[in-house]
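Geometric and topological summary
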Amino acid sequence: LTRDAGRVTIRRTEAGTIAFDGIGTLGRTLLLKQATALTVAALEQGISDIFLPVREIQPQIAILDSDLLDQGIQHVVAIGESDFRGSPEARTHNITVGLSKFNGTLIPKGATFSFNDILGRVDASAGYWKELVILGPHTLPEYGGGLCQVSTTAYRGVWEAGFPIAQRRNHSFAVRYYGPQGTDATIFPPHTDMQFVNDGPSSLLIQTHAQHGFATFIYYGTRDDRDVEIFGPKLWDVQAPPPDREEFTTDIPAGTTRKVSDRVPGMKALWFRFIRKGEEEIAERVFSAYEARGLLTQIGAVIIPPNGIGATRINGRGTHEFPRPREKRGG
């Protein structure tokens, strides 16, 4: 928890783009004596959860652009963080490219932020590599696999800071990179988006950063008097993965195999968010349902049409119907 505050200079380049020199990381100091007293009291009273007392320290920020100052860009309003350590090379590459698309983005006061609108194209021409994404019941390589790490990081910052969430959808199954469960936000342009409303007193300026397997969204602007508390996750209805199974496909060479789904338990997750703004108090529940998935192995098949009528005989193993692929769900 404990870390030093960052230092950043924000300016405009000759081309008019916004540039950052340094990282505006919030400093954090764990108040150890108070944390110790809380822990002892909780143990004595049988309380299972406590809030660690942490003092946040604003970074040193120098704004060298009058327009940004006029829009209220002056300190850190929110920070979203996520852990993608252990990601394959292609996934790490896609996360880095995806983060760069949002660096320097300005969100005007009162505007609705659309992740997909800023993200743009997701293909090889945009610099992405193929990596695993969720395609209905399968997990297969597609351009941009891993971009949900970026949308999840963006979502966490504004959700924890109390901004209204206009659109958010959890993944179809629990992904280890997005723990704790219930704090993820999947995207798949143009169908699935992550959106929030900037209802704060100023514009918001985004700085993105990745280092040592951690992704960060920093939102600069003007803080208001809102106070936010988040409780969770409450997990229940945990389900064991279903039995392993196989299916035939013509998408890979005959006789070869590939794993297209791994064993993942199902569960439901619930978070509570309480926002206080002056005399107003808003209580929200954020619900996520994750399905259980079993090990699914595809087997490369040779199709032998039986006189061109009816089902298809495959490698002498009988008949098999090839289902139509389901809609893609995100990476």
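Here the structure is shown first, and the text comes after it.
This report concerns the structure included in the present document. Bear in mind the structure is a predicted one, so any value in this text is a computation, not a measurement.

1. Description of the overall build of the protein chain
- Within the protein chain one finds five helices and 23 strands.
- Dimensions along the principal axes, computed over C-alpha positions, put the protein chain at roughly 75 × 60 × 35 Å.
- Taking the intrachain contacts of the protein chain between residues at least 6 apart in sequence as the baseline, contacts between residues at least 24 apart amount to 73%.
- Approximately 17100 Å² of the protein chain is accessible, and the part contributed by carbon and sulfur atoms is 52%.
- Positive and negative side-chain charges in the protein chain, numbering 36 and 37 respectively, have mean positions lying 5 Å apart.

2. Description of unusual backbone geometry
- Of the consecutive residues Pro 189 and Pro 190, the connecting peptide bond is found in the cis state with omega at -5°.
- Mapped onto the secondary structure, Pro 190 falls in the loop between β11 (165–167) and β12 (195–197).
- For the peptide bond that leads from Gly 232 to Pro 233, omega is -5°, which places it in the cis range.
- With respect to the element layout, Pro 233 can be found in strand β15 (residues 227–239).
- Of note in this structure, His 212 is not a glycine but carries a positive phi near 55°.
- Note on placement: His 212 falls in the loop between β13 (204–211) and β14 (214–221).
- Judged by relative accessible area, His 212 falls into the exposed class, the value being 66%.
- Phi angles above zero are rare outside glycine, and Asp 237 is one such case at about 55°.
- When you line up the elements, Asp 237 lands in strand β15.
- A residue is classified by how much of its surface remains accessible, and Asp 237, at 35% relative accessible area, is partly exposed.

3. A word on the pairing of strand β10 (residues 138–143)
- As judged from the six bridges shared by strand β9 (residues 130–135) and β10, these two strands associate in the antiparallel manner. In the strand pairing of β10, Ile 134 is matched with Thr 139.
- The turn joining β9 and β10, which pair antiparallel and follow one another in sequence, is formed by two residues; a positive phi near 60° is taken by Gly 136.

4. Digging into a nonpolar patch on the surface
- Together, Leu 1, Leu 38, Ile 47, Ile 50, Leu 52 and Val 54 line one region of the surface with nonpolar side chains, adding up to about 470 Å² of accessible area.
- Structurally, Leu 1 can be placed in the segment before β1 (7–12).

Rules used in this analysis
- Along each chain, the written sequence defines residue order, and numbers are assigned to residues from 1.
- Restriction of local features to residues with pLDDT of at least 70 applies here, the model being predicted, together with a cutoff of 80 or more for giving and counting side-chain atom pairs; totals for whole chains, interfaces and linings are based on all residues.
- Processing note: side-chain calculations cover all non-hydrogen atoms of the structure and skip hydrogens and water entirely.
- What counts as a helix is a DSSP run of H or I of at least four residues, what counts as a strand is a run of E of at least two, and both are numbered from the N terminus.
- By definition in these notes, contact holds between two residues if any of their heavy atoms fall within 4.5 Å.
- Here the Shrake-Rupley method, with its probe set to 1.4 Å, supplies the accessible areas, and only the displayed protein chains count as covering residues.
- Residues scored as positive are Lys and Arg, those scored as negative are Asp and Glu, and His as well as the terminal groups of each chain are ignored.
- Charged side chains are reduced to one point each, which is NZ for Lys, CZ for Arg, CG for Asp and CD for Glu.
- Relative accessibility decides the category of a residue: with a 1.4 Å probe and only protein chains considered, values under 20% of the type maximum give buried, values over 50% give exposed, and everything between is partly exposed.
- Whether two strands pair depends on DSSP finding at least two bridges between them.
- A patch consists of residues exposed above 30% relative accessible area that lack any salt bridge, with like charges linked at up to 9 Å and nonpolar side chains (Val, Leu, Ile, Met, Phe, Trp, Tyr) linked at up to 5 Å.
- What makes a salt bridge here is a side-chain nitrogen of Lys or Arg within 4 Å of a carboxyl oxygen of Asp or Glu, nothing more.

Nothing here speaks to function; it is geometry throughout.
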